[in-house]
Amino acid sequence: MDYLHIKSLQGCRSHVGRTGGAQVLELQEPGCISRGTIQHELLHALGFHHEQSRSDRDNHIRVLWENIPMELWYNYKKLDTLNQRTGYDYNSVMHYSRYVRVESSAMVNVKCILGTVVLSVFSVWTEAAVLRTTPRLHEWTETLELSNLGRGHSGAFRRARGNVRRCSKTGCKWPRSKDGNVYVPYFIDENFSSVAKATFALGLVSFHLSTCIRFIVRTDELDYLRIQPSRRCRSFVGHQGGAQTVTLKFPDCFELGTIQHELLHALGFHHEHNRWDRDRHIRVLWINIRRRDKGEFKKRLTLNQVTPYDYDSVMHYSRLLGSKNGLPTMEAVEGEAEFGTATGMSQSDIERVNSVYCSSAPPERL
């Protein structure tokens, strides 16, 4: 009955130690979804305080209270802590940086007594002050230049395209096991940094939390995803057999939405704006599209799992994709709907995966 309930709310926050019952841990997207931030909040949940709150901290840092907003003083209060006989650690993921940005745009200064020390190795953000910025999700397509892409866009290798791939057989789907889960083995290239690997793992976990898809490290499986570095973000669509390449450029492709986008391609899903019914929802402005990019806007005969057109899908391109003149290449048919700005899977994206792979009903074909 005791567990951590991870919620996407307005901040990065955690109780310190076990509280019992459903213990809320807040991780705002995308600001809190980085390795150091997640480690920081989980350490709180395990019972650890900030390093600058240690009982012996005055021997190592000087807190400049006059620079700190009163409402944030609690983050710098010295506590009666056990320190496990460890030295004060300037490089701890639990240590605030010298300058901590707060919502009022003021800066908090923590001066190191021993000299200048580079802190916050993992770019930890404080619970009280998540930066309200959305990182750009630059991705590449096979034919589109990086400078012309908005958020949440990537290209699949040139195979069948559309919202969901149609198969005469179920060969393009990853097989479902007897326990109801779909296990997709993967191997990530050793040339990726530990930060890149940890970020990629977050993308895998997002599927584990919302679907029956389970990405597992490959041992000796013949069919698996081979994650390789490249100048582009690309994936085949659906199960191909053998070592199936997914390419990711670091750091541009290592955002949650980008990783989800490419993995959805690998599971058999295509771009939202290629749906057969897209003309009811978006208008393609062919006159503004570069000739070499017009194939990206071709309408496909797709299955849509009885889900409505989704402007918020992580599989939707932005309105300026492939523009030759800086003008929109797509616009909403009705109203001023935004699209192509997703930083993570929408509810429809999740429902489609569950419909195709996880439903207790007879499995749908892609």
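All residue numbers here refer to positions counted from 1 along the written sequence of the relevant chain. Reporting of local features is limited, given that this is a predicted model, to residues whose pLDDT is at least 70; pairs of side-chain atoms are given and counted only at 80 or more, and all residues count toward the totals for whole chains, interfaces and linings. Computation of side-chain values covers all heavy atoms of the structure but excludes hydrogens and water.

Caption draft 1: Molecular detail of the state of the cysteines. Only a pair of cysteine sulfur atoms within 2.5 Å counts as a disulfide in this structure description. Scanning all chains against the criterion turns up three disulfides. Two residues share a disulfide in this structure: Cys12 and Cys32, whose sulfurs sit 1.9 Å from each other. Torsion about the S-S bond of the Cys12 and Cys32 cystine: about -90°, corresponding to left-handed handedness. Here Cys32 lies in the loop between β3 (22-27) and α1 (35-45) and Cys12 lies in strand β2 (residues 12-14), a separation of 20 residues in the sequence. Here Cys233 connects covalently by a disulfide to Cys253, the sulfurs 1.8 Å from one another. Handedness of the Cys233-Cys253 disulfide follows from its S-S torsion of about -90°: it is left-handed. Linking Cys233 in the loop between β10 (224-229) and β11 (234-235) with Cys253 in the loop between β12 (243-248) and α3 (256-267), this pair joins segments that are 20 residues apart in sequence. On the accessibility criterion, Cys233 (0% relative accessible area) is buried. The helix count covers DSSP runs of H or I at least four residues long, the strand count covers runs of E at least two residues long, and both are numbered beginning at the N terminus. The cut-offs for exposure are 20% and 50% of the maximum accessible area for each residue type, with area from a 1.4 Å probe on protein chains only; residues under the lower value are buried, those over the upper are exposed, and the others partly exposed.

Caption draft 2: Representation of the pattern of salt bridges in the model. For this document, the term salt bridge refers to a Lys or Arg side-chain nitrogen within 4 Å of an Asp or Glu carboxyl oxygen. Tallied over the full model, the rule gives 15 salt bridges. Among the ionic pairs, Arg18 bridges to Asp2, the shortest N-O distance being 2.4 Å. Placement of Arg18 in the loop between β2 and β3 and of Asp2 in the segment before β1 (3-7) is noted, with a sequence separation of 16 residues between them. Among the ionic pairs, Asp58 bridges to Lys78, the shortest N-O distance being 2.6 Å. Of the two residues, Asp58 sits in the loop between α1 and β4 (61-63) while Lys78 sits in the loop between β4 and β5 (99-101), which places them 20 residues apart along the sequence. Under the relative-accessibility criterion, Asp58 is labelled partly exposed at 41%. If you follow the salt bridges from partner to partner, you end up with Glu272, Arg275, Asp277 and Arg352 in one network.

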